[in-house]
Amino acid sequence: MVHSAYDSFELLRGCPTKIDAVASYASKLFVGCSDGALRVYAAESDRSSSSSELRKEGYALERTVNGYSKKSLLAMEVLASRELLLSLSESIAFHRLPNLETFAVITKAKGANVYSWDDRRGYLCFARQKRVCIIRHDAGRGFVEVKEFGVPDTVKSMSWCGENICLGIKKEYVILNATSGALSEVFPSGRLAPPLVVPLPSGELLLGKENIGVFVDQNGKLHQAERICWSEAPSVVVVQKPYAIALLPRRVEIRSLRVPYPMIQTIVLQNVRRLVQSNNAVIVALDNSVHGLFPVPVGAQIVQLTASGNFEEALALCKLLPPEDASLRAAKEGSIHIRYAHHLFDNGSYEEAMEHFLAAQVDITYVLSMYPSIVLPKTTLLPETDKLVDSDPDAVHLSRGSSGASDDMDPSSASHFGDFDEHSALESKKMSHNTLMALIKYLQKRRYNIIEKATAEGTEEVVLGAVGDNYGHYDSSRVKKSGKGRGNVAINSGAREMAAILDTALLQALLLTGQSSASVELLRGHNYCDLKICEESLQKRHHYSALLELYRSNAMHREALKLLHQLVEESSSGKSEVTHKFKPEDILEYLKPLCGKDPMLVLEFSMIILDRCPTQTIELFLSGNIPADMVNSYLKQHAPNMQGRYLELMLAMNESAISGNLQNEMVQIYLSEVLDLHAELSDQNKWDEKAHYPTRKKLLSALEGISGYNPEALLKRLPPDALYEERAVLLGKMNQHELALSLYVHKLHLPDLALCYCDRVYESATHQPSTTKSGSIYLTLLQIYLNPSKTTKNFEKRITNIVASRSTSIPKVSSASGTKTKGGRGAKKIAAIEVADDLRVSPSGTDSSRSDGDTDEISPEDSSTIMLDEVLDLLSKRWDRINGAQALRLLPRQTNLQNLMPFLGPLLRKSSEANRNLSVIKSLRQSENLQVKDELYKYRKTVVKISGDSMCSLCHKKIGTSVFAVYPNGKTLVHFVCFRDSQSMKAVTKSTTTTLRKW
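Presented here is an overview of the structure given in this document. Note that this is a predicted model, so its numbers are computed, not measured.

**Observations regarding the overall build of the protein chain**
- When helices and strands are tallied, the protein chain shows 32 helices and 31 strands.
- Counting all 999 residues of the protein chain, 47% fall into the buried class.
- Of the roughly 50,800 Å² that the protein chain leaves accessible, carbon and sulfur atoms contribute 51%.

Shown next, in the form of structure tokens:
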């Protein structure tokens, strides 16, 4: 016996004759005896009581109804909902309660041996011999017959199952369709014990087969694989949730209806004749006495089960506590869950134990008290163990304070001890892998709600802080949370303290079970891990990847980068004890999210890996949106050799993103490289002015493609006897085209470069609508070819004067004033420079002393110095860009016209063709003008005929003799007044009314 579910009490004894049937109505007992009398018993203490339940006390005879039945009663049942007493004897009779007047006698039931009553619908089915009859209780007409069906054999047991009837016949169980009479087999019945059909409150059926009870649904299909196994084959089974009470030959057996249907209690009673269910008890009728099986209060049963260690049954009984005792139910369930959890934990069922701790809703500190080697942060919360001692002194728990093991002890070192005492063995067991895995699952299930509450508290604190800042009523005792990590700031909130305990314990458990990847994932997400404890634990076990994530989550980026740099150095030197090899790229990946938050920290630690990963580091600067001036200044100080490369990539990425200062600095860097190369090769007598070395190519490309640098400053750095091409480009940027072209022609002796220079100036001028006379640049080159002595006179001096005049007359052009045009600096700066040149340079010094269209005839020089071939070549190649009249004025008089044919031929053809085209266009315009005039005359000659039926298209009235108007189509007529009104209302569009005529 597990516990006492029922108390047996003798209600009456010494019945004069043998008892055949028994039933209860309210607090009274109806006893049918073998002499045909019905004896009514009432409680001895108060026979006039109107109680609706049987009382646990002695009963005395109240009245005797002689001749109640002619034969022995087979069964008797009270139909409480209809106030009737049903009796099965030689037939079925109904008597009214409580006075026992005869209500109806079912004569057709004569010889019936078994029946079943459906109280919900008022249907009665009974069996006699091989027939099954169904009758219905009609309140107005008594009982009405419904159906009658034949069955294969005599019915031994029967019960309603929904709309059908389950029959237990001699050899099998069948389901009878109450509408059609169709039979469907269920399974064979036992050979020794008679069939037994027991209805369950859920609507299912319990069918007996020898000593086994089988569960089926209303259609006869097996519902569960489990079976109730009785000690012997029962003759009667009564169901009173949560138990099934069976009458066996020598005793009454009580079993639970929960799987695996254990035996709860046995009550030894001899010569039991009937077992009947009452409203609050189970009535057991013997030969001459009646016993009542009264349920033990649920609370008392729970105490018994808990004391005996049967926790599952105790928890199941807790659900039967009345709803008004919800608080008591919750307290008992929690206490049982805790006891059961400790029992399971001590017996090695760790995961199941954690499930019950979870169901008990204890604080995680209570569970963590069973793991003394897991270090927890200090807390102001009351330990759960103290609370449970007050609420449940019998609860078994383990206090962290009672543990003799050190919190810092590594459980892996336990194997090194030769002798364990009992306490050490217990601690080693608790810290085994299985216990920790169970703890991890428990903490993960609790984590979501705890983290959610902690986050909500943090949000509420921020809101309250904002309100306090605005209105000055903020609680000064509340501690504001620092933005730089949680580890160094005391968290003055219950939810966040609990979250810190949980995450700290979870991380240590993951590390102890070797789940390093899971610990990294924990730290990458939102967490409340205690910094100091977790840092020590991770350093001790060399989990550096997780340690980096811990630093990152606490915004300790400098510490993380220092550690990462150390790990990279150790990995590269081969001295690292960690299996995972760290690379410089790991530092770059860490720095990427910090570019917008702490650019100085990014620059500081990027210098460490700049030499190893130059391209990736510079791409980091570019993609991270770090201010270019800041990066350039830092590189200039710490890595000057990478400065130019950074500026190159920056410019290639987006020219508009780099300021004039940076452009100027980049060109200065290139120029320094070229000057160093020039000095080196000059010392070796290997310098070639026309050779384009890689560094020189880079400088020339920058000078031509970039517009934000200061050409005057660069000119001062150029040597007087070299780098003429660079000088020419710089002079071009200063609009000193004559000097630039003179360098190409007289210093470099490269007319092709001079022509390319003119083309660039011409094409850039064509893209500027405000620029006029863009072809004058070719006339300047023509003058240089025709007057070499004039252009070469005091060449260097003129350049020096230009630079000096610009540096003294105007301030240095800042990067902020630079524009993005290809032609050079802004128009205002150019104008200022040209004005200064006009004031300080002689009229013969530069081309800026005359207008672009200046065509004053120059004095011819000696024909031996004139570069006539170059002149003729220029005219033949660019005849379409040169003003022919001005060019002819510049040529010497003795020039042979035959040599000018390549220039004059296409020029004259183009002029004549343009003249013809203009003549054709003029003729076409005149013809078009005549056509328009002809059309105008045609419209003016239009005749409109007005008759008496002509209607206005707007007011739909006759025109008559009123002034009218006609639309351009010549058909639509309107009154002029209507037309004028429609114009004011804008009913007709303007385009259709412009040619209306008034008549």
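There is more to say, and it comes next.
**As for the pairing of strand β14 (residues 155-161)**
- Within β14, six of the seven residues are buried, which leaves it mostly tucked inside the rest of the structure.
- Summarising the sheet, β14 and strand β15 (residues 164-169) pair through six bridges and their orientation is antiparallel. Within the sheet, the bridge partner assigned to S159 lies in β15 and is C166.
- Hairpin connection from β14 to β15: two residues lie between these consecutive antiparallel strands, with G162 at a positive phi of about 70°.

**With respect to the sheet that holds strand β25 (residues 263-268)**
- Pairing within the open sheet is antiparallel, and its four strands lie in the order β22-β23-β24-β25. Here the strands that pair on one side only, and so sit at the sheet edges, are β22 (236-240) and β25. Taking each pair of neighbouring strands and ignoring which way they run, the sheet shows an average axis angle of 20°.
- Two strands pair when backbone bridges link them, and strand β24 (residues 251-256) and β25 are joined in this way by five bridges, in the antiparallel orientation. Bridge pairing in β25 links V252 to I267.

**Examining the sheet that holds strand β2 (residues 19-25)**
- The strand order across the open sheet built from four strands is β2-β3-β4-β5, with neighbouring strands paired in antiparallel fashion. Two strands close off the open sheet at either side, each with one partner strand: β2 and β5 (59-65). Averaged over neighbouring strand pairs, the angle between their axes works out to 25° when direction is ignored.
- Inspection of the sheet shows strand β3 (residues 28-33) paired to strand β4 (residues 38-43) by four bridges, in the antiparallel sense. What sits directly across from F30, in β4, is V40.

**A word on the side chain of N164**
- Its location among the elements puts N164 in strand β15.
- On the basis of relative accessibility, which here comes to 16%, the residue N164 falls in the buried class.

**Quick word on the pattern of salt bridges**
- Taken as a whole and judged by the stated rule, the model has 34 salt bridges.
- Residue R121 pairs with E163 through a salt bridge whose shortest N-O separation is 2.8 Å. A residue pair is termed long-range when its members are at least 10 positions apart, and R121 in the loop between β10 (114-118) and β11 (123-128) and E163 in the loop between β14 and β15 qualify at 42 residues.
- With a relative accessible area of 22%, R121 lands in the partly exposed category.
- Accessibility expressed as a relative area gives 47% for E163, which makes it partly exposed.
- Taken together, the shared-partner salt bridges in this structure form one network comprising K108, R128, R131, E145 and E148.

**Focus on the pairing of strand β20 (residues 212-216)**
- Extensive coverage of β20 is indicated by the burial of four of its five residues.
- In this sheet, β20 lies alongside strand β19 (residues 205-209) in antiparallel orientation, the contact comprising five bridges. Along β20, the bridge assignment pairs L205 with V216.

The rules we used
- Residues numbered from 1 in each chain as written.
- Predicted model: local features only at pLDDT ≥ 70, side-chain atom pairs only at ≥ 80, totals over all residues.
- Heavy atoms only, no water.
- Helix = DSSP H or I, 4+ residues; strand = E, 2+ residues; numbered from the N terminus.
- Buried < 20%, exposed > 50% of the residue type's maximum accessible area, 1.4 Å probe, protein only.
- Areas by Shrake-Rupley, 256 points an atom, 1.4 Å probe, with all protein chains shown as cover.
- Pairing = 2+ DSSP bridges.
- Axes fitted to C-alpha atoms, helices over the stretch in contact; angles between N-to-C directions.
- Salt bridge = Lys/Arg side-chain N within 4 Å of Asp/Glu carboxyl O.

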